[in-house]
Amino acid sequence: MTTAFGMHVRFTAVPGQGDALAAMLLEAADGLTGLEACRLYLVSRSPARDDTIWVTEAWTSKEAHAASLEGERAKEMIKRAKPLLAAPPEATQLRPAGGKGL
């Protein structure tokens, strides 16, 4: 299966807030259950830096990803997460070609 849009996003939490930010991103992942346009939302922790969290996403389209951020739940989650961030998230956009999990 080929997906049209993907991202790797690095989040850097305020020192000591990595667990809280990771928990919030996992909560966001739970909120995507049943959303067919989201093919993958994987939250990972850096083994070397407790306050660095990576999210790998795959979506059916860039528009579907953008639409997912417009819901009230997503807006509230973003608002709650901002105080936990030491810097803006760093995102790399991708065009997933397929693979296990997609």
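Here's a quick rundown of the structure. (Residues numbered from 1 in each chain as written. Predicted model: local features only at pLDDT ≥ 70, side-chain atom pairs only at ≥ 80, totals over all residues. Heavy atoms only, no water.)

A few points about the environment of Ala22
- Along the polypeptide, Ala22 turns up in helix α1 (residues 18-31).
- Here Ala22 falls in the buried class, since its relative accessible area comes to 5%.
- For the pair formed by Ala22 and Thr56, sequence separation is 34 residues and the distance between their alpha carbons is 13 Å.
- In this structure, Ala22 is in contact with Val43, Arg45 and Ile53, ignoring residues within four places of it in sequence. (Helix = DSSP H or I, 4+ residues; strand = E, 2+ residues; numbered from the N terminus. Buried < 20%, exposed > 50% of the residue type's maximum accessible area, 1.4 Å probe, protein only. Contact = heavy atoms within 4.5 Å.)

What about the nonpolar core?
- Membership of the largest hydrophobic core comes to 24 residues, with the highest contact counts inside it found for Phe11, Leu21, Leu25, Tyr41, Ile53 and Trp59.
- Listing elements by their share of this core, those giving two or more residues are β1 (5-12), α1, β2 (38-45), β3 (52-59) and α3 (72-81).
- The element best represented in this core is α1, accounting for 6 residues.
- Residues in contact with Leu25, not counting those within four places in the same chain, are Phe11, Tyr41, Val43, Ile53 and Val55. (Core = buried A, V, L, I, M, F, W, Y, C linked by side-chain atoms within 4.5 Å.)

Side note on the layout of surface pockets
- Looking at the largest pocket, its volume works out to about 620 Å³.
- Every residue lining the largest pocket is counted, 26 residues in all, and those nearest its centre are Ala28, Tyr41, Leu69, Ala74 and Ile78.
- Counting residues per element, the ones that place at least two in the lining of the largest pocket are β1, α1, β3, α2 (62-68) and α3.
- Its residues assigned to classes, the lining of the largest pocket comprises 19 nonpolar, 4 polar and 3 charged. (1 Å grid on protein atoms, 1.4 Å probe; cavity = no way out; pocket = protein on both sides within 12 Å on 5 of 7 lines; lining within 4 Å. Points joined across faces, edges and corners; volume = space filled by probe spheres on them. Nonpolar A, V, L, I, M, F, W, Y, C, P; charged D, E, K, R; others polar.)

Focus on the pairing of β3
- Buried residues dominate β3, accounting for 7 of its 8 residues.
- For β1 and β3, the ladder comprises 8 bridges, and the chain directions are antiparallel. When the sheet's bridge partners are listed, Met7 is paired in β3 with Glu57.
- In terms of strand pairing, β2 meets β3 through 7 bridges, oriented antiparallel. (Pairing = 2+ DSSP bridges.)

Keep in mind these values describe shape, not function.
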